[in-house]
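Secondary and tertiary structure notes
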Amino acid sequence: MNYTRRTFLKTSGGALAGSAITPMGFPGRKPASDTITVGLIGCRSMGFGVLSNALDLPGVVCGGLCDIDENILKERSAGVEEKTGKSPALFSDYRKLLDDNDIDAVIIGTPDHWHCLQTIHALEAGKHVYVEKPMANSVGECELMVKAASRYGGIVQVGQQQRSGTHWQEVVKVVQSGRLGNIRHVKLWCNFNYGKGPARVADEAVPDGVDYDMWLGPAPARPFNRNRFHGSWRFFWSHGGGLITDWGAHLLDVPLWAMNIQGPPRSVSSIGGIFSGEDRAIDMADTQSVNYEFDTFNMVWEHNGGLQTGPYGRNYGIAFMGNNGTLVVNRSGWEIMAEKDGEEPRMPEVPFTEGVDGNHGAHVANFLYSIRAGSEPACPVEAGNLAAFYGHIGNIAHRTNRRLEWDDDGALTDRQGYSHLITPEYREPWKLPDLT
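Quick summary incoming for the structure in this document. (Residues numbered from 1 in each chain as written. Predicted model: local features only at pLDDT ≥ 70, side-chain atom pairs only at ≥ 80, totals over all residues. Heavy atoms only, no water.)

**Remarks on the overall build of the protein chain**
When helices and strands are counted, the protein chain shows 14 helices and 17 strands. Against the globule reference of 22 Å for 436 residues, the protein chain gives a C-alpha radius of gyration of 21 Å, in line with a compact fold. Counting only C-alpha atoms and orienting by the principal axes, one finds that the protein chain spans roughly 70 × 50 × 40 Å. When the 436 residues of the protein chain are sorted by exposure, 57% land in the buried category. For the protein chain, the proportion of contacts with a sequence separation of at least 24, taken over those separated by at least 6, is 71%. (Helix = DSSP H or I, 4+ residues; strand = E, 2+ residues; numbered from the N terminus. Rg over C-alpha atoms; globule rule 2.2 N^0.38 Å. Buried < 20%, exposed > 50% of the residue type's maximum accessible area, 1.4 Å probe, protein only. Contact = heavy atoms within 4.5 Å.)

**Details of the packing of helix α6 (residues 139-152) against helix α13 (residues 381-400)**
Geometrically, a packed helix pair is captured by the angle between its two axes and the distance between the axes. One can describe the packing of α6 onto α13 by two numbers: an axis separation of 9 Å at closest approach and a directional angle of 175°. Judged by the angle between their axes, α6 and α13 are roughly antiparallel. Along the contact surface, α6 presents Val139, Cys142, Glu143, Met145, Val146 and Ala149, while α13 presents Val381, Glu382, Asn385, Ala388, Phe389, His392 and Ile393. Looking at the contact of α6 with α13, its residues break down into nine nonpolar, two polar and two charged. (Axes fitted to C-alpha atoms, helices over the stretch in contact; angles between N-to-C directions. Parallel < 35°, antiparallel > 145°, perpendicular 65-115°, else oblique. Nonpolar A, V, L, I, M, F, W, Y, C, P; charged D, E, K, R; others polar.)

**With respect to the environment of Ile336**
In this structure, Ile336 sits in strand β13 (residues 333-338). Residue classification places Ile336 among the buried residues on the basis of a relative accessible area of 1%. Residues Ile336 and Leu180, spaced 156 residues apart in sequence, show a C-alpha to C-alpha distance of 8.8 Å. Among residues more than four places away in sequence, those in contact with Ile336 are Val174, Arg179, Leu180, Thr326, Leu327, Met347, Pro348, Glu349 and Val350.

**Concerning α6**
The terminal C-alpha atoms of α6, which comprises 14 residues, lie 20 Å apart, in line with the 20 Å expected from a rise of 1.5 Å per residue. Summarising burial for α6: twelve of the 14 residues are buried, a large majority. Looking only at α6, the buried set comprises Val139, Gly140, Glu141, Cys142, Glu143, Leu144, Met145, Val146, Lys147, Ala148, Ala149 and Ser150. Looking one or two places after α6, you find Gly153, whose phi comes out positive at around 80°. (Expected span 1.5 Å × (residues − 1).)

**Observations regarding the sheet that holds strand β3 (residues 89-91)**
Strand order across the open sheet formed by six strands is β3-β2-β1-β4-β5-β6, with parallel pairing between neighbours. Strand pairing shows two members of the sheet lacking a second neighbour, β3 and β6 (156-158), which therefore form its edges. Across the sheet, the mean angle separating the axes of adjacent strands is 20° when strand polarity is ignored. Looking at chain direction, strand β1 (residues 36-41) and strand β2 (residues 60-66) are connected through six bridges and run parallel. (Pairing = 2+ DSSP bridges.)

**With respect to helix α12 (residues 359-373)**
With 15 residues, α12 extends 20 Å from end C-alpha to end C-alpha; this agrees with the ideal 21 Å at 1.5 Å per step. Every buried residue of α12 is listed here: Asn359, His363, Val364, Phe367, Leu368, Ser370 and Ile371. Phi turns positive one or two residues past the end of α12, at Gly374, with a value near 65°.

**With respect to the pairing of β13**
With respect to burial, β13 is a largely interior element, five of its six residues being buried. As defined by bridge partners, strand β12 (residues 325-330) adjoins β13 across six bridges and the pair is classed as antiparallel. From the neighbouring strand, Leu327 faces β13, where its bridge partner is Ile336.

**As for the packing of aromatic side chains**
A full pass over the atoms with the stated rule returns 18 aromatic pairs. When the centroid spacing of 5.8 Å and the interplanar angle of 35° are considered together, the rings of Trp189 and Tyr312 count as tilted. One end of the pair, Trp189, is in strand β7 (residues 183-190); the other, Tyr312, is in the loop between β10 (298-304) and β11 (316-322), and 123 residues separate them in sequence. According to the relative accessible area criterion, Trp189 is buried, its value standing at 1%. On the accessibility criterion, Tyr312 (35% relative accessible area) is partly exposed. The structure contains a cluster of three or more aromatic residues connected by ring pairs, namely Tyr292, Phe294, Phe297, Phe389, Tyr390 and Trp406. The residue whose ring lies beneath Arg76 is Phe48, and the NZ or CZ to ring-centre distance is 4.4 Å. Between Arg228 and the ring centre of Phe236, over which it is positioned, the NZ or CZ distance is 6.0 Å. (Phe/Tyr/Trp six-rings, centres within 6.5 Å; stacked < 30°, edge-to-face > 60°. Lys NZ or Arg CZ within 6 Å of the ring centre and 35° of its normal.)

**Observations concerning the sheet that holds β7**
Taken in spatial order, the nine strands of this open sheet run β16-β13-β12-β11-β7-β10-β9-β8-β17, and their pairing is mixed. The open sheet terminates on both sides in strands that have one partner only, identified here as β16 (350-354) and β17 (404-405). Pairing analysis gives seven bridges linking β7 to β11, with the strands arranged antiparallel. Residue pairing for β11: Val186 is matched across the bridge by Phe320. Each of β7, β11, β12 and β13 touches helix α7 (residues 166-177); the most contacted strand, β12, lies at about 160° to it. Relative to the sheet, α13 contacts β8 (267-273), β9 (287-293), β10 and β17, its axis offset from that of β8 by approximately 65°.

**Remarks on the pairing of strand β5 (residues 128-131)**
Side chains of β5 alternate between two faces, with His128 and Tyr130 and Val129 and Val131 buried alike. As paired elements, strand β4 (residues 105-108) and β5 share four bridges and run parallel to each other. From the neighbouring strand, Ala105 faces β5, where its bridge partner is His128. Handedness of the crossover joining β4 and β5 through helix α5 (residues 115-124) is recorded here as right-handed. Note that β5 and β6 share three bridges and pair parallel. Looking at β6, one finds that Val131 is bridged to Val158. Chirality of the crossover, the property in question, places the unit of β5, α6 and β6 among those that are right-handed. (Right-handed = clockwise from strand over helix to strand, strands pointing away.)

Now the structure itself:
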């Protein structure tokens, strides 16, 4: 199944169908060349790791840090000063950082529910963007980001760093070469202890130095709870989508890339629930199976939060199962196990080949190169959109207990009763951008 980008954008109702990709770079504006000044929005975890990777490269300076937690902001500011010898400007409101015309690019490391607004506002302000995965917290928000990148012309790199990893690239080449024979089944699994959700804790007062209303932003107002704050926010629908959008953005991306999938499946269905038997703080299924139907193969996602073992001796991974052999891969490496006719293997086996570390650094370097060269990055918005879409539709199928189906034009056949799961309603005064 090889849908075009035009038909894929009908999956959320067609409002964005037909938007075109424009050449990279800002028309009428000189792009950054020798020195790229970078700002960071969301400093606690992955965002700061991406900034650190950027500052390890020549010609990159930090122009500002933004966070709603003064404690994190002070800690990261000291880290930048120690690394570079200079103290960056500090902001509690990302819009003030975007007003700085000296900043060429921003890294967005905030929770998922903020990705859409901050990316679009950054592009409007003339910045290039590195946004963490998943690209956004809903299908509709992701598609708005695709349209914004096209309209404003900025480079957008999505933090699916496996696209910059050499052993992942080699695996994609093998799959696309046909050596495995007809691939009839793609299996993905993801078993991590943290996936069962955090232990329950009571609501409490907002910690000193935290602008909690700004942290919530467009998400619904709720009392402060540490489980819905640093780190574990991803287990609550208002802020994230659980394992299938967290790790799924990485793992689902690989077969979509390798199998040349450019649009929706024929259908998606899901079963699962909260089956750990522990009283954990989690909105979504800790145990879930998602079936994606294609014309010539099946694709199945499985996760089991709270478990640490899995198929082929790996707690997470991907298996491409072909007539000639099965290729199994995760970040540690890859191998091929041959099918046999009697004692005769149908293809040469490939012993375990260790993966190469450094995908994060390579992905950041690729982003900066793309800014300087005006070229498409390793993971542009279309790829980020597709990976996030597959995670989100798995969750929608589970939450609605429906089999979602797409017609031959790539349009979702029925949205009745769950449009709010496709595009969220923002809390005032925040508004979803109108890019019609």
